[in-house]
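Observations on chain architecture
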Amino acid sequence: MSKLPNIVLVHGAWADGSSWSAVVERLQAGGYSVTAPQFPETSLADDVARLRQVLNRQSGPTIVVGHSYGGQIMTALGDDAPSVVGLVYIAAFGIDEGESLGALLGAGPPTPALAHLIVDEQGFAWIPEEDFVAHFAADVDPAKARVMYAVQQALSMSTFEDVMGVPAWKSHPTWYLVATEDQAIPPDAERMFAQRMGASTVEVGSSHVAMVSRPGEVVRLIEAAADATGTSSVAQGSA
């Protein structure tokens, strides 16, 4: 049996590392070494620096998994991502060189989850509780969604203006999970990201937070990436 790769899980905006809890539990049960760090979301540069810090602590091949804005963070690694053997996008941004989140999101009307962002005096955006529970985490038990709302990590508005350099997905194999009921990133945008990066793609009938509501299917996609990068699979539980 080949040694399993390390798994680094990158949370998105308005979430934190605890959003990966069910995925972490399943991966650890399967023998994977898993890290799900907290990202400051003070700037894209700060977040990429945190990811590099975590990657430098890994020993051996590593698969990076990003959710939502977490896809932006891992994409910004560019072609300088030592030991990274694959990228897995979970309802995540996978923008191309010269693009920005602001331009992309500004090309259409605000999605229901992001329609009423509250920007504080420090320039950080927060999702109101009603939109978080009803749209951002629409298929999560409301009591649990309110806990997620309470621990949300606000996102610096500066990240919407950062222009992407050469994206990491151009030099690494990729996998993509499209959340077909996503009310934060339009599912068609997710399909576009996946198609142009040539990702192995699955579609799951979940809200934006598939790793919370459908962790088994998220784990199976990560396992597929591990298989394809030359490592052995392990049985995982269902969603």
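Structure shown above.
Residues numbered from 1 in each chain as written. Predicted model: local features only at pLDDT ≥ 70, side-chain atom pairs only at ≥ 80, totals over all residues. Heavy atoms only, no water.

Topic: the pairing of strand E3 (residues 62-67)
The element E3 is largely enclosed, with a buried count of six among its six residues. Taken together, E3, helix H3 (residues 69-75) and strand E4 (residues 84-90) form a β-α-β motif whose crossover is right-handed. (Buried < 20%, exposed > 50% of the residue type's maximum accessible area, 1.4 Å probe, protein only. Helix = DSSP H or I, 4+ residues; strand = E, 2+ residues; numbered from the N terminus. Right-handed = clockwise from strand over helix to strand, strands pointing away.)

Focus: the layout of surface pockets
By rolling a water-sized probe across the atoms, one finds the places where empty space is left. Each pocket or cavity is described by its volume, and for the largest pocket that value is around 290 Å³. Taken together, 18 residues form the lining of the largest pocket, with Leu-104, Leu-105, Gly-106, Gly-108 and Pro-109 sitting closest to its centre. Taken together, the residues of the lining of the largest pocket break down into 14 nonpolar, three polar and one charged. By volume, the second largest pocket amounts to about 180 Å³. The wall of the second largest pocket is formed by 15 residues, among which Ser-18, Ser-19, Lys-144, Met-148 and Val-212 lie closest to the centre. Listing elements by their share of the lining of the second largest pocket, those giving two or more residues are helix H1 (21-29), helix H6 (142-150) and helix H8 (210-213). Here the element with the most residues in the lining of the second largest pocket is H6; it accounts for three residues. (1 Å grid on protein atoms, 1.4 Å probe; cavity = no way out; pocket = protein on both sides within 12 Å on 5 of 7 lines; lining within 4 Å. Points joined across faces, edges and corners; volume = space filled by probe spheres on them. Nonpolar A, V, L, I, M, F, W, Y, C, P; charged D, E, K, R; others polar.)

Topic: the nonpolar core
Counting residues in hydrophobic clusters, the biggest one holds 74 residues, and the most contacted among them are Trp-14 and Leu-51. Element by element, the count of residues in this core is highest for helix H9 (residues 215-228), at six residues. (Core = buried A, V, L, I, M, F, W, Y, C linked by side-chain atoms within 4.5 Å.)

Topic: the pairing of strand E8 (residues 174-179)
Extensive coverage of E8 is indicated by the burial of six of its six residues. Because side chains alternate across E8, one face comprises the buried residues Thr-174, Tyr-176 and Val-178, and the other comprises Trp-175, Leu-177 and Ala-179, equally buried. Direction of pairing for E4 relative to E8: parallel, over a ladder of four bridges. Considered in E8, the bridge of Val-88 is made with Trp-175. The pairing of E8 with strand E9 (residues 200-204) spans five bridges and is classified as parallel. Considered in E9, the bridge of Val-178 is made with Glu-203. Regarding topology, helix H7 (residues 187-196) serves as the crossover connection from E8 to the parallel E9, and that connection is right-handed. (Pairing = 2+ DSSP bridges.)

Some details on the pattern of salt bridges
The full count for this structure, using the stated rule, is six salt bridges. Between Asp-96 and Lys-170 there is a salt bridge, and its shortest N-O distance comes to 3.3 Å. With Asp-96 in the loop between E4 and helix H4 (101-105) and Lys-170 in the loop between strand E7 (155-156) and E8, this pair connects stretches of sequence that are 74 residues apart. Residue classification places Asp-96 among the buried residues on the basis of a relative accessible area of 18%. Between Arg-196 and Glu-99 there is a salt bridge; the shortest N-O distance is 2.6 Å. With Arg-196 in helix H7 and Glu-99 in the loop between E4 and H4, the pair connects residues that are 97 residues apart, well separated along the chain. For Glu-99, a relative accessible area of 26% gives the class partly exposed. (Salt bridge = Lys/Arg side-chain N within 4 Å of Asp/Glu carboxyl O.)

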